Amino acid sequence: MQIIERTNNSHKILEIDKLVKNKFKWEWLETTVDVNKKAIPLSEWIRKIDCPGKAKCIPCEKIVNYGSHGKVSLVEHCNSVDHISKVKTLSSNERLPSSFTGVGNKNDAHYGIHPMFVSKIQTTTSSESTTKPVTSFEDRTAQAQALILGVVAEHSLPMTMVPVLIDLAQKLSKDKKVLDGLSMDRTSASYKMTYGLKRTFHTQTLQSIREQPFSLNIDEATSNNNKKVLSVLVSYFSKTEGRVVVEHLAALELENCKTSTIFEALCDLFELNQIPWTNLVSILMDSCAVMRGSKNGLERRIREEKAPNLLDIDGDVCHHIHNGTKKFCAPFDSWVEDLFSALCIDHKYCVCNLLGIKFTAPERFLSHRWLSAYDLAVSTLRMWSAYQVFYYAFIDKAFKADYWPVVKAILVACKVSQPAKERIKAIIAEVGAKKMTADGQKRKKEIVEKVMFQERKTLLILNFYASVLPIMKRYVVLFQSKEPLVHRLNDEQVDVFREFLSCFVKQEHIVNKNGKQLKNMDLSEDTGLYLSADDMFVGSKAKQIMKGETKMDSVSENFKKLAITSYMATGVYLQQKLPLDNPVLRRLSALDPLAHGHSATLKALKQLPSLLPNRLNQEETDSYEDEVHRFQVDQQLPDPEQRLDEWWGNVFVAGKYPALSKVALLACTVFHGPMVESSFNTMGDIIGVKSASVTVETYASIQTVKYFLKARNTTALSYFDRVDVLYSPVNHILAVNMKTTSASYRASLKAKREETDENNRLLYRKTPKPLSKVQTLLNMRSQAQQEWQSHEDQQKKQAHKRLLKDLAFKKRIQ
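Definitions and cut-offs
- Residues numbered from 1 in each chain as written.
- Predicted model: local features only at pLDDT ≥ 70, side-chain atom pairs only at ≥ 80, totals over all residues.
- Heavy atoms only, no water.
- Disulfide = S-S within 2.5 Å.
- 1 Å grid on protein atoms, 1.4 Å probe; cavity = no way out; pocket = protein on both sides within 12 Å on 5 of 7 lines; lining within 4 Å.
- Points joined across faces, edges and corners; volume = space filled by probe spheres on them.
- Helix = DSSP H or I, 4+ residues; strand = E, 2+ residues; numbered from the N terminus.
- Nonpolar A, V, L, I, M, F, W, Y, C, P; charged D, E, K, R; others polar.
- Pairing = 2+ DSSP bridges.
- Axes fitted to C-alpha atoms, helices over the stretch in contact; angles between N-to-C directions.
- Buried < 20%, exposed > 50% of the residue type's maximum accessible area, 1.4 Å probe, protein only.
- Salt bridge = Lys/Arg side-chain N within 4 Å of Asp/Glu carboxyl O.

## A closer look at the state of the cysteines
Working definition: the covalent bond between the sulfur atoms of two cysteines is a disulfide.
Consideration 1: On inspection of all chains with the given rule, the structure shows zero disulfides.
Consideration 2: Free of any disulfide, C288 has its nearest neighbouring cysteine sulfur in C257, separated by 9.1 Å.

Quick look at the structure:
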C-alpha cells in the first residue's frame, strides 16, 4: 500500500479509480471541518493510497472507503469522535505537515499540491498560514467564473469562447512556472504565429506535396480593406492519417486579378517552395474567363506551360448550380428577393411567440451565397403568419376592415389565447401609431404590398422556390462535404439535371438517357418536349393557391408563363455548363467500391492510366492490367461502407494491388466542391477596415494553422497537450521555430526595408520616414490652428483699416 502524492504522475489516480463510482478528486482535500473552533482542511489527515476507492487517515491509521459516497465518507470520518480524539492527542506531541498549513520537515511529502508550488509554500511560515482563514472552494470557484465572464464582457468575446477559455486556463495552469513568465504582445503574437507555428505546420505540408501527387483548389477575393487575395488549398493523401487531407497552402496578395498576375504568383509559389509541377494532378477553379477561359484562361496556360498532364475535371459544378439558380429566379424580377432584403432591414419587432412560431431574425438576401433564395424562401414561409399579423398595423385605415378577416383567421388557426389576442392588438395599435421617416414609410408600403395586397403572387413564387430549388440544394450540400466524392460526381450531375428536366419535360424524352444524350437535347424551344403549363411541377401548395383563384384574376396565368421561362432558361444554362459528358469524370466513377465486379468498371479502370500519364513507373504499368482483372473478382476486399480514400488506403496498405491503389488514391485528391470559399469567411474578421495593419501573411498563417488542425480532426488544446508538463517531450522543430521567431521577424523587416530603399533609389525618390496616424493628426490640428490664427489676424487688420477709413471720412465731413 503506497501513498499517492500530487506530483507530475498523479494522473495515475484515473487508472487506479477506473472502476470506482466516485473517483478521487484533489479538491476534496480543501474541504474543512471544525476542530476546537478552527477550520482544518482534510489535507491535514487524509492521504490517497494506491487502492481503488480508498484513502488513509494518517492520525487514525485507518482506511476510509470513499468509493460509494465520495467526499461525504471522508468528511464523516474526520467529524467522528474517535478521529477528533486522536487528533487532539497527537496535536500536543507533533504537527503533521500540510500543503495548507506550512511545512515541517523538508523531506515531508507535499500531499495535495503540485511540486512546482513547493518553493512558494516553503516561504510561508506555519504561523502565517494558520492565522489566515481558508477561503472555501465554492467561493473561489465563483470568483474564477466571474473573472472569466468579466474578461468575455470586457473584450466583447462570444459566449462560445467561455468553455475554450476554461480549457485553455486548465491546460496552462499545469505548468505554473511557465505561465507566470508567459507574455506576448500583439506584434510578437503576429510574428510568432507566422515564423513559429505556421512555419512548422507549413513545412510538413510542403514535405508531403514534394514527395507525392496533390490537387489544388484556388479562388480570389477582395478583403474589407480592398486587398486582393488569392487563396490556395491543397489536397493529398496523408500516410500518417490514412486518408486524404485538405490543408492551406498559401494566401497571396495580388495587384490585380488578371490571368498573367495569378499565373506568375502561382509560379513564384511553386519555385520558392520547390514544389514540382509534375506532382500536380488537378486544379479546381470557378468558370470565369480569367480562370478557365478557352483562349487565355489560367488553366489552359498552366496546362500548356507547366503541367501538360493536368487532369481535366472541368470547372466548379457547385458554381454552375448556383448560377443556374440565379437563372431560375431571374424571370420573377426579384419580387421576393427584394422582400427578403426589406424584411431584414425592417422587421425588428416580433409577435411570433404569441402565435406559437419560433422567431428567427430575417436574413439579408445575398446573391453570392449558395442558394440564398431557397433558404430565405423557406424561412419566410415559416414566419409568414407573423409577418401578416404584424404588417396589418401599417395598412391604410380605408383597407383595414377588408384585411382584418385575414388576421382573425391566423389567430384562430394558431389557437391564440384571449390574453395573447389582446396583447397582439395592443402591439398593432402601438406600432401603427409610430412616426416613421420617409424611407421607413416607403419600405413599409413595399412590404405591405407584397405581404397583404398581393399575397397570392408572393406565395406562389415563394412556394415555387421552396418546391423546386431543393433539387439544386441537395447537390450543393453533398459536394461541399470534405469527404472525397469524386467517384459520384458524374452520376450526381446527371441525376440532378435529369430531376430538374422532369419538372417541365415529358418523361419519355429523358428516361434511360445518359449524360451525353441529355446534353445533346434541344431545350432552346418547345418542339413537343415540354409538359403543358398545367402539368409542370410547381409544388402542391402553389397548385392549391392557383385553384382558389377567381376568373377575374390573372395572377396564376402570369405565374405559369414566368415559370415556363424560368425552367427553359435554367435548363439551357445547366445543359451548357454541366460536364455531363466529361470522359474523365465518367471513368472516375469506376473507383466506387460498390461498382466492383462489373464489366463497365473493368473497362473504365483500364482507361484510368491514360488519363493520368507518367504517374506509374514501367514496372507498375506492366502489372496494372493484371491487378485490375484480379481486383474485379476479389471477394475479400474491405467493407465498402467507408470513405473512398480510407477504403483505397486500406487496399494500398494490404499491398495486393499497389499500382491500382496508387492511381485510385491519386484520383481521390481531386477537389469536387469549392472548399476554398470557406477560407474567405473569416477574412473579414482578420483583414478588415479597422485592422489594416494586419497583413495577408498573418491571415495566411492563421488559415494554415486552422486547416492543419482541422485536417487531423483535432483541436489546439488536444494537439499541444502533454501528460507530464515537466518530462513529456515537445516538438523539437516547433520549439526551435518559436524561439527564433524574433530573429526571423527582424530579418524580414530588414529585407523589406532594403527592398523599399532599392525601389526608391531606382525611382530617384527620397525615402522619408512616413508619419504615423497620431503625428498626422497632430500636424493637421496644428495647421488648422495656424490657418485660423492667420484668418483672425487678417480680419483684425481689415477691421483696423475700415476704422481708419471711417474716421478719415468723418473728419472730411466736419
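## Overview of empty space enclosed by the protein
Consideration 1: Scanning the model with the defined rule gives four cavities of 30 Å³ or more in all.
Consideration 2: Looking at the largest cavity, its volume works out to about 80 Å³.
Consideration 3: At the level of elements, α14 (335-346) and α16 (372-382) are the ones that each hand at least two residues to the lining of the largest cavity.
Consideration 4: Sorting elements by how many residues they give to the lining of the largest cavity places α16 first, with three residues.
Consideration 5: Of the residues belonging to the lining of the largest cavity, the class tally is five nonpolar, two polar and one charged.
Consideration 6: Together, S235, V244, V246, K482, E483, P484, C668, V670, F671, H672 and M675 line the second largest cavity.
Consideration 7: In terms of residue class, the lining of the second largest cavity is made up of seven nonpolar, two polar and two charged.

## Considering the sheet that holds strand β8 (residues 243-254)
Consideration 1: Pairing in this open sheet of four strands is mixed, and the strands run β8-β7-β6-β9 from one edge to the other. Each of the sheet's edge strands pairs with one partner strand only, and the pair in question is β8 and β9 (280-284). Put simply, the sheet's adjacent strands are angled 25 degrees from each other on average, direction ignored.
Consideration 2: Bridge count between strand β7 (residues 228-238) and β8: eleven bridges; the pairing is antiparallel. Its bridge partner lying in β8, L233 is registered against H248.

## Digging into the pairing of strand β6 (residues 214-222)
Consideration 1: Counting buried positions along β6 yields seven of nine residues, so the element is predominantly enclosed.
Consideration 2: When β6 meets β9, the two strands line up parallel, connected through three bridges. The residue bridging N217 from the neighbouring strand is L284, located in β9.

## Some words on the pattern of salt bridges
Consideration 1: Applying the stated criterion across every chain, the model contains 22 salt bridges.
Consideration 2: When the shortest N-O distance is used, the salt bridge between D180 and K176 registers 2.8 Å. Residue D180 and its partner K176 are both found in helix α8 (residues 176-181); the two are separated by four residues, about one turn of the helix.
Consideration 3: With a relative accessible area of 24%, K176 lands in the partly exposed category.
Consideration 4: As a salt-bridge pair, E620 and K662 come within 3.1 Å of each other at their nearest N and O atoms. One end of the pair, E620, is in helix α29 (residues 618-632); the other, K662, is in helix α31 (residues 658-668), and 42 residues separate them in sequence.
Consideration 5: Ionic contacts of the salt-bridge type, sharing partners, join the residues K171, K174 and D721 into one network.

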